Amino acid sequence: MVFLKKIYVIRHCKAEGQLPNAQLTEEGREQAKKLAEFFSGQDIDRIISSPFQRAIQSIEPLSKALHIEIELDQQLTEKVLSNKDMSDWLLKLRDTFTDMTLRFDGGESSQEAMNRIAGVVNRLFDDDKSNAVIVTHGNLLALLLKYYNDEFGFEDWKKLSNPDVFQLTKQANSVTYERLWIE
């Protein structure tokens, strides 16, 4: 028998902004309830979230329904593009998908952010428990998918939704992913 291990990676629901304390919108709160329904019946052992408020609020209904405490992990916070306002931030973000080592003032490179989230996922795959839910942010989720498929890029990032759900499955030494959330 081949053991399959699943990790569900969620991009947070719709929020009022990008700051760490930004709350979910009313629509986002409804989406969080739908996420809890979406996962009903799934065998989940752990829930790990970015400490940003919008991520925590996205998974609270599932946490309550499953009676599983939310573990906060700083490694799941959104990638910092720069500590300066950039009017052309979208173009700069695109550039970070083609040059993974590109870093702007006060920010981190895509490679650094990718290593951050891949480290969390790899530790979970090595954990004894079988299935986990991770809640993170759009750019970090995109970089994780790029980690497993180098073809995943900026245009794919733009197609992600709030929320979004991907299932990572490890079988032997191979990891595959599948998008589960369709709006």
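**Focus on the pattern of salt bridges**
Within this structure, the stated rule accounts for 13 salt bridges. Here Arg 46 ties to Glu 71 by a salt bridge, and the two come within 2.5 Å at their closest N and O atoms. Of this pair, Arg 46 sits in strand E2 (residues 46-49) while Glu 71 sits in strand E3 (residues 70-72); the two residues are 25 residues apart in sequence, bridging distant segments of the chain. A relative accessible area of 18% means that Arg 46 is categorised as buried. For Glu 71, a relative accessible area of 29% translates into the label partly exposed. Close ionic contact of Glu 112 with Arg 103 constitutes a salt bridge, the shortest N to O distance being 2.2 Å. On the basis of relative accessible area, Glu 112 is assigned to the partly exposed category, the value being 32%. What you see here is one network of salt bridges that share partners, running through Arg 46, Glu 71 and Asp 127.

**So, helix H1 (residues 26-38)**
The end-to-end C-alpha distance of H1, which contains 13 residues, comes to 19 Å, matching closely the 18 Å that a straight helix rising 1.5 Å per residue would cover. Taken as a whole, H1 has its buried residues at Gly 28, Gln 31, Ala 32, Leu 35 and Ala 36. Along the axis of H1, the buried residues cluster in a sector spanning 150°; they form a single face. More than 90 degrees from the buried face of H1, the exposed residues found are Lys 34 and Glu 37.

**So, the confidence of the model for the protein**
Of all residues in the protein, 98% have pLDDT values of 70 or greater, and the mean over the chain is 93. At the level of individual helices and strands, the protein shows its lowest average pLDDT in strand E1 (residues 4-11), which scores 90, and its highest in E3, which scores 98.

**Looking at the nonpolar core**
Grouped together as the largest cluster of nonpolar side chains are 32 residues, with contacts concentrated most on Ile 7, Val 121, Ile 134 and Leu 168. Counting only elements with at least two residues in this core, the list comes to E1, helix H3 (89-98), helix H4 (110-126), strand E4 (131-136), helix H5 (138-148), helix H6 (154-158) and strand E5 (164-171). Ranked by the residues each element gives to this core, the list is headed by H4, at seven residues. Not counting residues up to four positions away in its chain, the partners in contact with Ile 7 are Val 121, Leu 124, Phe 125, Ala 132, Ile 134, Phe 166, Gln 167 and Leu 168. Residues Tyr 8, Ala 32, Ile 56 and Val 135 belong to the second largest nonpolar core, which totals 20 residues.

**What to know about the environment of Leu 19**
Among the structural elements, Leu 19 can be located in the loop between E1 and H1. Exposure remark for Leu 19: the relative accessible area of 60% places this residue in the exposed category. Put simply, Leu 19 and Gly 119 are 100 residues apart on the chain and 24 Å apart in space, counted from C-alpha to C-alpha.

**Brief notes about the side chain of Thr 77**
With respect to the helices and strands, Thr 77 occurs in the loop between E3 and H3. A relative accessible area of 9% places Thr 77 in the buried class. A distance of 3.1 Å separates the side chain of Thr 77 from the backbone oxygen of Gln 74, its partner in a polar contact. Excluding its chain neighbours within four sequence positions, the residues that come into contact with Thr 77 are Ser 50, Pro 51, Phe 52, Arg 116, His 137 and Leu 140.

Here is what the cut-offs are and how they apply
- Residues numbered from 1 in each chain as written.
- Predicted model: local features only at pLDDT ≥ 70, side-chain atom pairs only at ≥ 80, totals over all residues.
- Heavy atoms only, no water.
- Salt bridge = Lys/Arg side-chain N within 4 Å of Asp/Glu carboxyl O.
- Helix = DSSP H or I, 4+ residues; strand = E, 2+ residues; numbered from the N terminus.
- Buried < 20%, exposed > 50% of the residue type's maximum accessible area, 1.4 Å probe, protein only.
- Expected span 1.5 Å × (residues − 1).
- Arc of directions from axis to C-beta.
- pLDDT = per-residue confidence, 0-100.
- Core = buried A, V, L, I, M, F, W, Y, C linked by side-chain atoms within 4.5 Å.
- Contact = heavy atoms within 4.5 Å.
- Polar contact = N/O pair within 3.5 Å; in protein donor to acceptor, adjacent residues only side chain to side chain.

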